[in-house]
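Report on the structure
Residues per chain are reported as follows:
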Amino acid sequence: QLQLVESGGGLVQPGGSLRLSCEASGATLDYDAIGWFRQAPGKEREGVACFSSADGSTYYTPSVKGRFTISRDNAKNTVYLQMDSLKPEDTALYYCAADNVPPYTVLQAMCVLGHFSSWGQGTQVTVSS
């Protein structure tokens, strides 16, 4: 069973940056898709950024495109979310997720729908002055 642990969250001022990390352990080689999701109080869970190691494709929700970057270090079994130009509306609990990807999977749909089998506990990101 894959285990995911997020870290790197915290308090940052608007316009600042944070880098989230998601360390994976267990059956890491069985999972080809990774994603970052967030959920703010009273709001639906949102797929922020997803990456497929099968073909290197990425997807970003429009609200973060150009500001956030997802990446993966296979040697460290770690996925990152670099967040720049942070806004107060980015405040949320951020989760990383992973799943094995069927050949027919469309990454965007998978990210938007949040159909991932393994989830971390989350790390809080608060953007406030």
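Here is a short report on the structure shown in this document. Position numbers for residues start from 1 in each chain and track the written sequence from start to end. Residue-level local features of this predicted model are given only where pLDDT is at least 70; pairs of side-chain atoms are given and counted only at 80 or more, and the full residue set underlies all totals for whole chains, interfaces and linings. Side-chain numbers here rest on the full set of heavy atoms in the structure, without hydrogens or water.

Remarks on the pattern of salt bridges
Definition used for salt bridges: Asp or Glu carboxyl oxygen within 4 Å of a side-chain nitrogen of Lys or Arg. Across all of its chains, the model carries 3 salt bridges by this definition. For the salt bridge of Arg-38 with Glu-46, the shortest nitrogen-to-oxygen distance reads 2.9 Å. Using a 1.4 Å probe on the protein chains alone, a residue whose accessible area is under 20% of its type maximum counts as buried, one over 50% counts as exposed, and one in between counts as partly exposed. With a relative accessible area of 26%, Glu-46 lands in the partly exposed category. For Asp-90, the salt bridge goes to Arg-67, with nearest N and O atoms at 2.8 Å. Of this pair, Asp-90 sits in the loop between β8 (78–83) and β9 (92–99) while Arg-67 is found in the loop between β6 (58–60) and β7 (68–73), placing the two residues 23 residues apart along the sequence. Segments assigned H or I by DSSP are reported as helices when at least four residues long, segments assigned E as strands when at least two residues long, and all are numbered from the N terminus.

A few points about the side chain of Thr-78
Locating Thr-78 in the fold gives a position in strand β8. You can call Thr-78 buried: its relative accessible area is 6%. Two N or O atoms form a polar contact when they lie within 3.5 Å of each other; inside protein one atom must be a possible hydrogen donor and the other a possible acceptor, and for residues adjacent in sequence the pair counts only when both atoms belong to side chains. Within the local environment of Thr-78, its side chain forms a polar contact with the backbone oxygen of Lys-76, the two atoms lying 2.9 Å apart. For Thr-78, the contacting residues outside a window of four places in its chain are Ser-21, Cys-22, Glu-23, Ser-71, Arg-72 and Asp-73. Every residue pair with non-hydrogen atoms within 4.5 Å of one another is taken to be in contact.

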